[in-house]
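# A structural walkthrough
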Amino acid sequence: MKTSAGILQGMLAAMCMWLFASCETVTDIDLPAAGPLIVVSGFFTPDSAFSISLSSSTDYKNIDDIRAIENARIELLDDGTPAGTMTYLGNGVYRSENKKPKVGILYSISVSAQGFHTVNAEDKIPASVPVSLVSFDTNRTTEKINIYLMVHDPAGIKNYYELVIVGKNSHGISSIMNFDVNDPSFNAEEGKAAGFGADNIPFADFTDVIFDGKNYKFRISIDSYYKTEEVTVYLISLSQNLYEFRRTYQKQKDLGDSPFSEPVRIHSNVTNGAGIFAGFSVYKLKFTF
Amino acid sequence: MNSKLRVILCVLLVFSTQLINAQESRYTLSGYVEDSASGERLIGATIYAVNHQKGTVTNSYGFFSITLPPDSLLIIISYVGYKSRQMHVELNEDRLLEIHMDPAEYQMQPFEVSGSRMERIEARTQMSEINLPVSAIQTLPSILGETDILKIVQLLPGVKTGSEAMSGFYVRGGNPEQNLILLDEAPVYNVSHLFGFFSVFNSDAVKNVNLIKGGFPARYGSRLSSVLDINLKEGNMKEFHGVASVGLISSRITAEGPLFRNKTSYIISGRRTYFDLLAKPFMKNDEYAGYYFYDLNMKVNHIFSLSDRIYGSFYLGRDVLYVRENTYDNFHFDLDWGNITSTLRWNHIFSSKLFSNLTSIYTDYSFQVKSNTDQYTGDKYYAKYFSGIRDFGIKADLDYSPSPSHYIRFGGNFVYHLFTPDALQLKINSLEQIDTLISPSQKIHAREYAVYLEDDFEISTRVKSNLGVRASGFSVPGKYYHSVQPRITIRYLFSDDWALKGSFATMTQYIHLLSANRIGLPNDLWVPSTKRVVPQKSLQYAAGLSHTMGEYDLSIEAYYKKMDKIIEYQEGAAFMLRSSSWEDNVETGSGKSYGVELMIQRRTGRLNGWIGYTLSKTVKLFPNLNGGREFPAKYDRRHDLAIAAVYRVNESLDLSGDWVWGTGNAITIPEGYFMVNTGSINPLSYRLLQSDKMKLYSSRNGYRMDSYHRLDVSLRYTAGRNIWTFSVYNVYNRRNPFFIYFDEDFANNKITVKKVSLFPIVPSISYSYIF
């Protein structure tokens, strides 16, 4: 459906361009160049090491000048208490081997590097949320395997999720499986990756806006020709920052330079900079058919 | 006690006290003022009783009423573009008159009537109001020779155009949907032809244009920012006349005359573009495309007696864009949009003091895109997207003038709205037979009510006020909203030709427009207030000075307007890209606008026109946009200057020109690029967030395009019944920015910024024949 709307919209844009093409003139212009910013890519999950990648943004005139930032100083804080500086590993990657993140703790970083403004960011890891298998069946007409799952959503807090299905074949090779989902919860908020008529998608981002605090049952479908020995459902609990970052990233990518909408700025929780420093946790559910 | 209720009770108390006083021995002089040649009734003509230094003006139907003590009156009647008249009237009983005015000669001199002050800017209570001379509309230059009312409105202070040559206008920081645009009292929801380059109003059929930007009288409501009241001509009551015009892009014809002399008249006016007809010979027979628009205005009125008259008005307009590829896939594409409006009005004079108008209104705006194609496999696809709004309304307006100190208006209206915010229909005739109406939002039925009361109250010879209150309600399924909106305007005449004016007005708007905000296409969606999306509200304070300097009117006004509960699309949301209800895709926020407007206008003489300058700032604040920080409105423009002039060289030749200059539009552009890179910290995320170069945007509307300026000139030559008009749009070929885009060539690591300009210098010619 989205495709049909897109076709109509594309044609509308093409018609307008055609109509005005005879009038318009196009000239190159020079815009003021913005100074580079520190771009943070840092994702943390319980009991893993803190790892942060730093790069610089660039203006449009020097597009090949996106570089890893070396020799920066990254201070880590654990609920406001200094927790050491991160070690540079090369290629813009910094790591803190000693500190293992935990759920619910507010972690902050302060990054300083020569030639840049100091940037700060903070986030927490949300608790993982269990998902259980209810049943599965096969639809002979569509040749799809329907998998019925139940999310046990905690009450009183807004939860942000990503669903990923990994299948392991008879050779022991794991791969991400595309799936269909038509559940209303995946349409309940604008910006989810699984949109209207979401078929054959590798992941689905959604929130608990319509099932907060409930045991919520939903169905996904995968093609039955996958010779899957074992299926692992990953229900990833995202922090709000991470959810917004992914949502806006995907949206900017989808829209391109569409003249039919306002530009989408990719969400960032990095003050004076760009990128994201965010936590997530994972609940794994394994089963076989 | 509720404070609003107190205000209303005070107003009513003042009314009743004054009405009792009005019962002294007085008589009422009332009637109509009309053009002697055509019988066309004149709106805003001044009737001034010299002996009593009291006066009044005609209303929208050319009716006036003034109550005075018995006397032998010297009455002066004046109207711009007409010779002033003096009459002696023995007012020893109620009198009902028909006053005929003769058009002025071309050497028209400024008003010679020293006794009449009513037409002077400082004499009027109303502020923030501009009456647009129809002669200027027809004479000032416009693009491709197509005279356009809204293009002229955009030259007024406080009014800003959107993008290059667009018809939509922004008044004191308000969006276009906050303008109540009335065509013979019917609201027009989309005023654009040709994607906004022309307005739907055919200037040949228009009699009067009045714009109110603030200090709104209580009789107007349902929009936050302005009222543009357009009245069509009534049709010549005396004899048949017409005009036929041929231009570069369109032709139009207008005919008017009596059906029964001095009793019934009609006017009919139509126009159509012919891009499509001219281009067709250059296209293949089986592959062609075209665009055209047309509109038709019709009006009939009948005079039953001096006390009763009915008017029927009808407008139909449509834009159509089509593509036909009758080849292997039989591809058809159609885009069309348009309005239908009609009103039926009955004027009735109950007494010399009480005039009434009863109106029934129908208005319909719709927009649709259709596409169908046949695949070589035999599959057929059909998709249709449509959106619209339809209103049925009835309203009653009464004018009551109990004494020279009061002119009371009261009335009410009811509107039944039918919204179809959007719907997508899809038919696929293939292996999977699909015929479905995918409608994220169903039809919404809503009802809107309003009652109002206002009094133009002359408190003393120097102080005059318009006090009013409007109460309105709106019901949609599951929700009822209501609002009480006090309105106050006060004028203090502190010398013979200087007046200080101030106003306060609150407004409530129950309908919204979802606009993609970047270009002026007709895909904007009209939606109602609902349980989740509440009505928009505004309050506006304005203060100003008005002064007449000989032949010039001077006005300086400062205003502050606050808007609340305004809506915008979420970032990235747009029509047809939504997967859920429109309510899920909007953000609610607030806005404020403040500024100073200066206008110097000369309305008479060989050289007339105006200079308008606006210094203003408009910002918006949405919790979920721009990181919750305030940002400039898209059409926030710090400086805006417009000069418009018409010079009548002689009876045959008119020269005119306009020059505009304004601060560049605010837009959101990428400030740079950055790499979205998650590295390999999580294999599940790796394929989602790959290493992509993504745009790093400035804050919303954080960049200013180049300033906009342009000069247009026009020459109009009249020889008998023939009129030739030569116009040049953008005389010095200024490449004004229309939009900016980034041309990305990542393969060669090269990005260039492109500025797209629309219209270079555009000369045009048109010819009209008057019959």
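Keep in mind that what you see is a predicted model, and the values were worked out from it rather than measured. Sequence positions are assigned chain by chain, starting from 1 and proceeding in written order. Going through the entries in the order they are written, you letter the chains from A and number the ligands from 1. pLDDT decides what is reported in this predicted model: residues at 70 or higher carry local features, side-chain atom pairs at 80 or more are listed and counted, and totals for whole chains, interfaces and linings draw on all residues regardless. Water and hydrogen atoms play no part in the side-chain values, which are based on all heavy atoms of the structure.

### Here's the deal with the overall build of chain A
Short version of the rule: Secondary structure elements follow DSSP: runs of H or I of four or more residues count as helices, runs of E of two or more count as strands, with numbering from the N terminus. Partly exposed residues are those whose accessible area sits between 20% and 50% of the maximum for their type, while under 20% is buried and over 50% is exposed, using a 1.4 Å probe and protein chains only. Whether two residues are in contact is decided by their heavy atoms: any pair within 4.5 Å suffices. Using a 1.4 Å probe, the Shrake-Rupley method yields the accessible areas, and only the shown protein chains count as cover for residues.
Secondary structure assignment for chain A yields two helices and 19 strands. Put simply, chain A has 289 residues, and 51% of those count as buried. Here the analysis covers contacts within chain A between residues at least 6 apart in sequence; of these, 66% occur between residues at least 24 apart. Surface summary for chain A: the accessible area is close to 12,800 Å², and the carbon and sulfur share equals 48%.

### Focus on the pattern of salt bridges
Residues and elements named next belong to chain B. Test applied: Think of a salt bridge as a Lys or Arg side-chain nitrogen and an Asp or Glu carboxyl oxygen that are within 4 Å of each other.
Applying the stated rule across the entire model yields 44 salt bridges over all chains. Between Glu 557 and Arg 172 there is a salt bridge, and its shortest N-O distance comes to 2.7 Å. A residue pair is termed long-range when its members are at least 10 positions apart, and Glu 557 in strand S34 (residues 552–569) and Arg 172 in the loop between strand S10 (169–171) and strand S11 (179–183) qualify at 385 residues. Here Glu 557 and Arg 172 have matching classes, each one buried. Between Arg 345 and Glu 185 there is a salt bridge; the shortest N-O distance is 3.9 Å. A residue pair is termed long-range when its members are at least 10 positions apart, and Arg 345 in strand S22 (residues 331–351) and Glu 185 in the loop between S11 and strand S12 (186–187) qualify at 160 residues. Take Arg 345 and Glu 185: they sit in the same class, and that class is buried.

### Section: the confidence of the model for chain B
Residue and element names in this part refer to chain B. Test applied: The predictor rates its confidence in each residue with pLDDT, a number between 0 and 100.
Overall, the prediction assigns chain B a mean pLDDT of 84, with 87% of residues at 70 or greater. Note that pLDDT drops below 50 for residues 107–118; the model gives that stretch 31 contacts with residues more than four away or on any other chain. Contacts from residues 678–689, a stretch scored under 50 in pLDDT, to residues over four places away or in other chains number 28 contacts. Scoring of the predicted complex yields 0.82 for pTM and 0.83 for ipTM.

### Topic: empty space enclosed by the protein
If a probe the size of a water molecule is rolled over the atoms, the empty space left behind becomes visible. Residue and element names in this part refer to chain B. Where we set the bar: In this analysis a 1.4 Å probe is tested at points of a 1 Å grid over the protein atoms alone, and where it fits but cannot get out there is a cavity; an open set with protein on both sides within 12 Å along at least five of seven lines is a pocket; lining residues have an atom within 4 Å of a point. Grid points are joined across faces, edges and corners, and a volume is the space filled by probe spheres set on the points. Polar here means any residue other than Ala, Val, Leu, Ile, Met, Phe, Trp, Tyr, Cys and Pro, which are nonpolar, and Asp, Glu, Lys and Arg, which are charged; Gly is therefore polar.
Within this structure, the stated rule accounts for nine cavities of 30 Å³ or more. Volume-wise, the second largest cavity comes out at about 400 Å³. Around the second largest cavity, the lining comprises 30 residues; the ones closest to its centre are Gln 154, Thr 161, Val 660, Tyr 708 and Arg 710. Every element with two or more residues in the lining of the second largest cavity is listed here: helix H3 (149–153), strand S38 (639–648), strand S39 (653–662) and strand S44 (708–719). Here the lining of the second largest cavity takes four residues from S39, the largest share from any one element. Considered class by class, the residues forming the lining of the second largest cavity number 13 nonpolar, nine polar and eight charged.

### Considering the packing of aromatic side chains
Residue and element names in this part refer to chain B. Definition in use: Note on ring pairs: Phe, Tyr and Trp rings are taken, using the six-membered ring of Trp, and paired if centres are within 6.5 Å. Classes follow the plane angle, with under 30 degrees stacked, over 60 edge-to-face and the rest tilted.
All chains considered together, the criterion is met by 42 aromatic pairs over all chains. Taking 4.2 Å as the distance between ring centres and 50 degrees as the angle between the ring planes, the aromatic pair formed by Tyr 170 and Tyr 635 counts as tilted. On the criterion of sequence distance, the pair formed by Tyr 170 in strand S10 and Tyr 635 in the loop between strand S37 (631–632) and S38 is long-range, its members being 465 residues apart. Of the two residues, Tyr 170 and Tyr 635, both sit in the buried class.

### Some points on the pairing of strand S9 (residues 119–123) of chain A
Residue and element names in this part refer to chain A. Stated formally: When DSSP finds two or more bridges between two strands, those strands count as paired.
Residues of S9 alternate between two faces, with Val 119, Ala 121 and Asp 123 buried on one and Asn 120 and Glu 122 left unburied on the opposite face. Examined bridge by bridge, strand S8 (residues 107–112) and S9 share five bridges and lie antiparallel to one another. Considered in S9, the bridge of Val 111 is made with Val 119. Counting the residues between successive antiparallel strands, the hairpin from S8 to S9 contains six residues, one of them, Gly 115, with a positive phi of roughly 90 degrees.

### Details of the side chain of Ser 56 of chain A
Residue and element names in this part refer to chain A. Take Ser 56: it is sitting in strand S3 (residues 50–56). Taking relative accessible area as the criterion, Ser 56 reaches 2% and is therefore assigned buried. Setting aside anything within four residues of it in sequence, one finds Ser 56 in contact with Leu 37, Val 39, Asp 65, Ile 66, Arg 67, Ile 69 and Phe 116.

### A closer look at the layout of surface pockets
Quantified by volume, the second largest pocket comes out at close to 1,300 Å³. In terms of lining, the second largest pocket is formed by 48 residues, of which the most central are Arg 265 and His 267 of chain A together with Glu 571, Asn 624 and Gly 627 of chain B. At the level of secondary structure, the elements contributing two or more residues to the lining of the second largest pocket comprise helix H2 (240–255) and strand S19 (274–287) of chain A together with strand S35 (586–602), strand S41 (670–676) and strand S42 (692–697) of chain B.

### Considering unusual backbone geometry
Residues and elements named next belong to chain B. Even without being a glycine, Glu 185 presents a positive backbone phi close to 80 degrees. Overall, Glu 185 belongs to the buried group, its relative accessible area being 12%. We note that Ser 222 has phi near 75 degrees; this positive angle belongs to a residue other than glycine. With respect to the helices and strands, the residue Ser 222 is situated in the loop between strand S15 (206–212) and strand S16 (226–232). Taking relative accessible area as the criterion, Ser 222 reaches 16% and is therefore assigned buried.

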